[in-house]
Amino acid sequence: MVRLPLTPEEIERGQRLGALLRRARGDRSMLQTALDARVSPETLRKIESGRVATPAFSTIAAIADVVGLSLDTVWAEISQPERSRSR
């Protein structure tokens, strides 16, 4: 299976997702957050750093639940570029 390269928009959205999850995690450790979400710490690190721009829905849902974000909030935050949200 050939995977198509990510578009600039997908990469930017992945970066916004990572930043959102990192902010929501706050002072909570990455290790504890990952364990509670049942994902590997390396997966969480890659998502938060934007290196995984399109993580699986179930992964996003699990992490969002652990950090107290609704999926509606996640979608609203990541679906619009920064310049549109700041107006």
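Residues numbered from 1 in each chain as written. Predicted model: local features only at pLDDT ≥ 70, side-chain atom pairs only at ≥ 80, totals over all residues. Heavy atoms only, no water.

Colleague: Mind laying out the pattern of salt bridges, listing which residues take part and the relevant values?
Modeller: Taken as a whole and judged by the stated rule, the model has 5 salt bridges. Between arginine 16 and glutamate 12 there is a salt bridge, with the nearest N and O atoms lying 2.7 Å from each other. One end of the pair, arginine 16, and the other, glutamate 12, are both in helix α1 (residues 8-25), 4 residues apart, so they sit about a helical turn from each other. Look at arginine 16 and you get buried, because its relative accessible area is 12%. The class of glutamate 12 is partly exposed, set by a relative accessible area of 32%. For arginine 25, the salt bridge goes to glutamate 48, with nearest N and O atoms at 2.8 Å. You can see arginine 25 sitting in helix α1 and its partner glutamate 48 sitting in helix α3 (residues 41-49), a full 23 residues away along the chain. For arginine 25, a relative accessible area of 15% translates into the label buried. The buried category is assigned to glutamate 48, whose relative accessible area is 5%. (Salt bridge = Lys/Arg side-chain N within 4 Å of Asp/Glu carboxyl O. Helix = DSSP H or I, 4+ residues; strand = E, 2+ residues; numbered from the N terminus. Buried < 20%, exposed > 50% of the residue type's maximum accessible area, 1.4 Å probe, protein only.)

Colleague: How would you summarise the nonpolar core if you had to cite specific residues and measurements?
Modeller: Counting 17 residues, the largest nonpolar core has Leu17, Leu21, Val39, Leu44, Ile63, Leu69 and Val74 as its most contacted members. Among the elements of the structure, α1, α2 (30-37), α3, α4 (57-67) and α5 (71-78) are those that each provide at least two residues to this core. Residue contributions to this core peak at 5 residues, all from α4. Excluding anything up to four places from it in sequence, leucine 69 contacts Leu20, Leu21, Ala24, Ala64 and Val74. (Core = buried A, V, L, I, M, F, W, Y, C linked by side-chain atoms within 4.5 Å. Contact = heavy atoms within 4.5 Å.)

Remember that the coordinates give geometry; whether it matters functionally is a separate question.
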